[in-house]
Amino acid sequence: MRVVRASNAAEVMSAKAEAHVKLNGWVVSKSTVGGVVFLLLRDGSGYVQLSAKKGTTPDSVFVAMKSATRESAVTAEGVVREDKRAPGGRELQVKDFTIIASAETWPITKSAAKSASYLYDKRHLSIRGRKVIATMKIRAEVIGASFDYFREKGFVLISAPTFVQAAVEGGSTLFEVDYFGKKAYLSQSAQFYEEAALPALEKVWIFQPAFRAEKSRTAKHLTEFWMIEAEQAFTEQPENMALLEGLLAFIVKRVLERRKEELRILGRSLKELSLPLPRITYDEAREFAARKGASFEWGEDLTTEAERIISLSHESPFFITDYPLSARSFYHMTYRDRPKVTRSADLIAPEGVGEIATCGQRIAEYEELMERVRSQDFSAESLSWYLELRKYGMPPHTGFGIGVERTTRWIAGLKHIRAAGLFPRTMTRISP
Ligand code: 4AD
Ligand code: MG
């Protein structure tokens, strides 16, 4: 009696020859050579070649395979054979074949695919491409690794609202929404809610979307992106940096372990990180940029050009530490003996990618934070609950936010951040 097992492409590629299997998938391509029709089938696990020979395969099966159009959903049943000519050295010799949902003529032709904007207009279809699939599988490892990393370190995963009333990272990139006649915004960062959760949970992390009305059309800005943020009580900045670099190293290792094939498809060579990552100060970064003709004033954030040049000068990710207060949000703690310099750092990816995370120590004392709020001249009203936290047992604490798409962009070696999202949102794109 023959054994038929429901299977998938990955299982077929590692199955014993002569195994009888059945699998579902989509038609990637088709060719007929002599009396043999070959179909490349894709499913969630990978790719496998199907073949059917006229005369050997039942006629109706042969005809069905020949008529299957690209991207039709199909079911195939057959026998696994070793064949050096097949991709991966294996194919499925088909005994039965059914078209489940046939596809019209595929609109993404070779010449149409040369236009990036066309591919993004057709993103609902173009995401079936090999490189997009590889990228999404790598992205999923970036996220999955974070869950494992924080669980192992005893961090509690929390959630926070998306409708908020306060800016975490400055008012200029807020998306305003009408909340029953009141002004509300889409959250830029969940940091303040994490801080509020500290006295309850001590070590928390969060994984959720963040929104920024970025008017810049660059390869690193999305208007909606996913952020992984962590916050820890009773800590100082060095421990915070160690937690962050540990996370990135863990993610890279995980991707190398589980997504070799996807890295190959993307032509990406990636190496394990060796910790601790290099650290340079903001002042050193500024001097370096100036020597390369990209000078900027002390106190300003790095210009795009300076960030790019410094990023290109490193082979592995590294930290830039000690940013001026004037380039940071109000909650940052400064050094006692250097009141204009914050205990904060950016994690910079090499190869021109630039910032992928920001980390820092927060002001824990009420008066100090109020002073900052006053001096920066904004309303304390919407922040009242955040400020009040400092009256009820707020110890020294630190945290960070790392962007999922920026991290994926660097790990997968993508030219543009939009390729790191399934349906990216930028200033000029809100569909599909
Ligand atoms: O550096 P940011 O603005 O820091 C914060 O929001 C802190 N409150 C986080 C925290 O400490 N809990 O954002 C953190 C990271 C950036 O380093 C970057 O990776 C990503 O979020 N990010 C963006 N990614 C894509 N498009 C944008 N417009 C981004 N803005 C920030
Ligand atoms: Mg930042």
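Residues numbered from 1 in each chain as written. Chains lettered and ligands numbered in written order. Predicted model: local features only at pLDDT ≥ 70, side-chain atom pairs only at ≥ 80, totals over all residues. Heavy atoms only, no water.

**Considerations on the packing of aromatic side chains**
And then number 1: Applying the stated criterion across every chain, the model contains 20 aromatic pairs.
And then number 2: In this structure an aromatic cluster arises from ring pairing among Phe-147, Tyr-149, Phe-150, Phe-155, Trp-205, Phe-207, Trp-226, Phe-250 and Phe-400.
And then number 3: In this arrangement the basic side chain of Arg-130 is found over the ring face of Tyr-47, its NZ or CZ atom lying 3.9 Å from the centre.
And then number 4: Stacked on the ring of Tyr-335, the Lys or Arg Arg-338 has its end atom at 4.5 Å from the ring centre. (Phe/Tyr/Trp six-rings, centres within 6.5 Å; stacked < 30°, edge-to-face > 60°. Lys NZ or Arg CZ within 6 Å of the ring centre and 35° of its normal.)

**Some thoughts on the packing of helix α5 (residues 130-152) against helix α13 (residues 404-412)**
And then number 1: Where α5 meets α13, the closest approach of the two axes is 10 Å, and the angle between their N-to-C directions is 120°. As summarised for this structure, α5 and α13 are arranged oblique, according to the angle between their axes. Once α5 is placed against α13, the crossing between them reads as right-handed. The residues of α13 that touch α5, namely those facing Thr-135, Ile-138, Arg-139, Val-142 and Ile-143, are Val-404, Glu-405, Thr-407, Thr-408, Ile-411 and Ala-412. (Axes fitted to C-alpha atoms, helices over the stretch in contact; angles between N-to-C directions. Helix = DSSP H or I, 4+ residues; strand = E, 2+ residues; numbered from the N terminus. Parallel < 35°, antiparallel > 145°, perpendicular 65-115°, else oblique. Left-handed = near helix turned anticlockwise from the far one by under 90°. Contact = heavy atoms within 4.5 Å.)

**So, unusual backbone geometry**
And then number 1: Pro-276 follows Leu-275 through a cis peptide bond whose omega is -5°.
And then number 2: Tracing the backbone through its elements, the reader meets Pro-276 in the loop between α8 (260-265) and β13 (279-281).
And then number 3: Look at the link from Ser-431 to Pro-432: it is a cis peptide, with omega at -5°.
And then number 4: Its place among the elements puts Pro-432 in the segment after α13.
And then number 5: The backbone of Phe-234 shows a phi angle near 55°, a positive value even though the residue is not glycine.
And then number 6: Here Phe-234 is to be found in the loop between β12 (224-233) and α7 (237-258).

**Some remarks on helix α6 (residues 191-201)**
And then number 1: Buried within α6 are the following residues: Gln-191, Phe-192, Glu-194, Glu-195, Ala-197 and Leu-198.
And then number 2: If you follow the buried residues of α6, they end up packed against β7 (156-158), β11 (203-211), β12, α12 (384-388) and β19 (397-403).
And then number 3: Among the residues trailing α6, Glu-202 stands out with phi positive, at a value near 70°. (Buried < 20%, exposed > 50% of the residue type's maximum accessible area, 1.4 Å probe, protein only.)

**Here's the deal with helix α2 (residues 59-67)**
And then number 1: Every buried residue of α2 is listed here: Val-61, Phe-62, Ala-64 and Met-65. End-on view of α2: buried residues confined to an arc of 165°, all on one side of the axis. Counted as exposed and oriented over 90 degrees from the buried face of α2: Ser-60 and Val-63. (Arc of directions from axis to C-beta.)

**Some words on the sheet that holds strand β17 (residues 344-349)**
And then number 1: With respect to topology, eight strands assemble into an open sheet ordered β7-β11-β12-β19-β18-β17-β14-β13, the strand pairing being mixed. At either margin of the open sheet sits one strand with a lone partner, and together these are β7 and β13. For this sheet, the mean angle separating the axes of adjacent strands, direction not counted, is 25°.
And then number 2: With five bridges connecting them, strand β18 (residues 354-361) and β19 associate as antiparallel partners. Looking at the pairing, Thr-358 lines up with Gly-401 of β19.
And then number 3: Along the sheet face, α6 touches β7, β11, β12 and β19 and points at about 30° away from the line of β12. (Pairing = 2+ DSSP bridges.)

**Re the sheet that holds strand β10 (residues 182-186)**
And then number 1: Spatially, the three strands line up as an open sheet ordered β8-β10-β9, and their pairing is antiparallel. If you trace the sheet from one side to the other, it starts and ends with β8 (163-164) and β9 (176-179), each paired once.
And then number 2: Pairing geometry for β9 and β10, over four bridges, is antiparallel. Paired with Val-177 across the two strands is Ala-184, which belongs to β10.

**Here's the deal with the site of ligand 1**
And then number 1: What surrounds ligand 1 is a group of 23 residues, the closest being Glu-169, Gln-191, Glu-229, Glu-355 and Ile-356.
And then number 2: One nitrogen or oxygen atom from the side chain of Ser-189 is found 3.0 Å from a nitrogen atom belonging to ligand 1.
And then number 3: One of the side-chain N or O atoms of Glu-355 is found 2.5 Å from an oxygen atom in ligand 1.
And then number 4: Relative to its unbound accessible area of 620 Å², ligand 1 is 95% covered by the protein chains.
And then number 5: Elements supplying a minimum of two residues to the shell around ligand 1: β12, β18 and β19.
And then number 6: The dominant element in the shell around ligand 1, judged by the number of residues it contributes, is β18, at four residues.
And then number 7: Split by residue class, the shell around ligand 1 holds nine nonpolar, six polar and eight charged. (Near = heavy atom within 4 Å. Polar contact = N/O pair within 3.5 Å; in protein donor to acceptor, adjacent residues only side chain to side chain. Areas by Shrake-Rupley, 256 points an atom, 1.4 Å probe, with all protein chains shown as cover. Nonpolar A, V, L, I, M, F, W, Y, C, P; charged D, E, K, R; others polar.)

**Examining the pattern of salt bridges**
And then number 1: Under the counting rule described, the total for this entry stands at 24 salt bridges.
And then number 2: Arg-308 is the partner of Glu-305 in a salt bridge, and the nearest nitrogen-oxygen pair spans 3.2 Å. One end of the pair is Glu-305 and the other is Arg-308, both in helix α10 (residues 304-312) and three residues apart, which spans about a single turn.
And then number 3: On the basis of relative accessibility, which here comes to 38%, the residue Arg-308 falls in the partly exposed class.
And then number 4: In this structure, Arg-328 and Asp-346 form a salt bridge, with 2.8 Å as the shortest nitrogen-oxygen distance. Pair noted here: Arg-328 is in the loop between β14 (318-321) and β15 (334-335) and Asp-346 is in strand β17, with a separation of 18 residues, a long-range link.
And then number 5: Linked by salt bridges that have partners in common, Arg-42, Glu-71 and Arg-128 make up one network. (Salt bridge = Lys/Arg side-chain N within 4 Å of Asp/Glu carboxyl O.)

**Details of the pairing of β11**
And then number 1: When you tally the buried positions in β11, you get seven out of nine residues, the bulk of the element.
And then number 2: The pairing of β7 with β11 spans three bridges and is classified as parallel. The residue of β11 that forms the bridge with Ile-158 is Ile-206.
And then number 3: Bridge count for β11 against β12 is nine bridges, and the pairing is antiparallel. Each bridged residue has a counterpart across the sheet, and for Phe-211 the counterpart in β12 is Glu-224.

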